[in-house]
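Secondary and tertiary structure notes
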Amino acid sequence: MVNLADYKEMIIGSRVIEPGNSEKFRTGDWRSQVPVIDKSICISCLSCWIDCPDNCIVVDEDGLVDVKTTHCKGCGICSQVCPKDAITMKEDIA
Amino acid sequence: MSSKVGTDIAINGDGAVALAWKQINPDVVAAYPITPQTIIVEDFSKYVANGEVDTEFIDVESEHSALTLCSTSSSAGARTFTATASQGLAYMWEMLPITAAMRVPVMMAVANRTVSGPININNDHGDVMSARDTGWLSIFAENVQEAYDMSIIGPRIAEHHEVQLPILVNLDGFILTHAIERMTPLDTQHVRDFVGEFKPLYPLLDTDHPVTHNLMDGPLFYFPHKYQMVVAMNKALDVAREVFAEFAKISGREYHMVEEYRCDDADYIAIVLGSSFGTMKQAVDNLRDEGMKVGVAMPRVYRPWPADEIAALCKGKKAVIVMDRHLSIGAYGPMFPEVCASIAVNGKMPEMYNFIYGLGGADTMVSDFMSVYKTVEAGKANTINYLGVKE
Ligand code: SF4
Ligand code: SF4
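Residues numbered from 1 in each chain as written. Chains lettered and ligands numbered in written order. Predicted model: local features only at pLDDT ≥ 70, side-chain atom pairs only at ≥ 80, totals over all residues. Heavy atoms only, no water.

Before going further, it helps to examine the site of ligand 2. Near ligand 2 you find Cys42, Ile43, Ser44, Cys45, Leu46, Ser47, Cys48, Cys82, Pro83 and Ile87 of chain A, and these make up its full shell. Partitioned by chemical class, the residues of the shell around ligand 2 number eight nonpolar, two polar and no charged. (Near = heavy atom within 4 Å. Nonpolar A, V, L, I, M, F, W, Y, C, P; charged D, E, K, R; others polar.)

The following block contains the structure:
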């Protein structure tokens, strides 16, 4: 059976009554591909961090990049802008 | 003590709607003039100009803008009315389902008129029937008095917090809009008390509780949001019954989900909408004098569709005749399949006949309606019949 939202828990009229709740909207659910970073090639230039439209690239204290996948849509921009081809788009089977 | 009921007046249907609006004193009215609705907004704009209401009256450049303005003004938290007809309603069409899905209780008077072409400005139900699946409540008036009464009842059903759907108040173009009839208005204070204050849900102008309206729905939410409208429509059946009962107390005028005339012991009944109900009552009286057991009924509320009442009405009848003043070309009249379905899911089918009549304002007289029953009784009717068309 298709798994739809429960109408009883939804506000009528497609309204949002809680400001700032788009953070909870997991756009990552749409994804068919996910970026995988080869940290052995990465030079920490942060091009991917700048260009990701969804703020999905995170940087740890050591300046190393990683992907936070809750909002990553799999658009592949990060893999296109990486000067070292350190990012490969892989099928997301999760 | 002031009387609930005012002195009788002579007024046309459009004037009666404008008078009801004046007594309600809505916050916002936006409209674009289109025959045969024009008198509503002309009369109402005079009330505005004379300071008899404090409504914000907004002239727009088209019906599409009128309804867009109405849906957003209602979202903001203002009681909002508009009026249209025919091509004007067609021009609003894109905003009809959006307004309903926004769950804003805008009230719109529809001076029913055919939708061209061929070019024609006369009455039939082509306009409102083309809007019937858009999620609006829809109620019909038989005469000028009812056009007034339904305009007062309309907001009460639409604005109920478990309904929150926009409403179409239908009155037959020219037949009611331009004909002067005797009417008993209510006392203004009683109208205001009855309609009450508009209490919007999550209004945009409540800046202490910021909200966003009319967002995009992904597949996960779209269908459940539509289902919420189904729930609201079902609730509107109960709400309408309650509001009719309350209205009877202040006016002495009783309305029902389905109005019946001499149906109880009838073998043949017809179902019809709007002003033709009155004409058909006369046809029924004439045929009763001739000894024919006939009756006629009108769904007062067309959306939500009163399926159970229709099924109960048709139970045990020899034949049910559905009179449609619109035609779904290539199928039936719009009401015919709905009546058939209501009966079929509830019980045994009588003989079923569909008569399409009066398109584009074609005159339909008492004698024409008498011939409908007689054709059926004589076994000469087809399943679908086009009254007066030489086939
Ligand atoms: S695939 Fe697109 S959304 Fe995901 S991390 Fe790369 S740039 Fe950001
Ligand atoms: S763009 Fe490539 S090299 Fe630069 S930080 Fe991102 S993964 Fe590393």
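Moving on from the model shown.
Around ligand 1 sit 13 residues in total, of which Cys52, Cys72, Cys75, Gly76 and Cys78 of chain A are the nearest. Across the shell around ligand 1, the residue classes tally to 10 nonpolar, two polar and one charged.

In terms of nonpolar packing, the biggest core is built from 118 residues, with Trp21, Ile152, Met323, Val339 and Tyr373 of chain B touching the most fellow members. Tallying contributions element by element places helix α9 (residues 219-251) of chain B first for this core, with 11 residues. With 12 residues, the next largest nonpolar core counts Ile37, Ile57, Val65 and Ile87 of chain A among its residues. (Core = buried A, V, L, I, M, F, W, Y, C linked by side-chain atoms within 4.5 Å. Buried < 20%, exposed > 50% of the residue type's maximum accessible area, 1.4 Å probe, protein only. Helix = DSSP H or I, 4+ residues; strand = E, 2+ residues; numbered from the N terminus.)

Moving on: the side chain of Ser342 of chain B. Residue and element names in this part refer to chain B. For Ser342, the location among the structural elements is in helix α12 (residues 335-344). Residue Ser342 is classed as buried on the basis of its relative accessible area of 4%. Engagement of the side chain of Ser342 in a polar contact is seen with the side chain of Trp305, the distance being 2.7 Å. A distance of 2.7 Å separates the side chain of Ser342 from the backbone oxygen of Glu338, its partner in a polar contact. Once residues lying within four places of it in the same chain are set aside, the contact partners of Ser342 are Trp305, Ala307, Ile310 and Ala311. (Polar contact = N/O pair within 3.5 Å; in protein donor to acceptor, adjacent residues only side chain to side chain. Contact = heavy atoms within 4.5 Å.)

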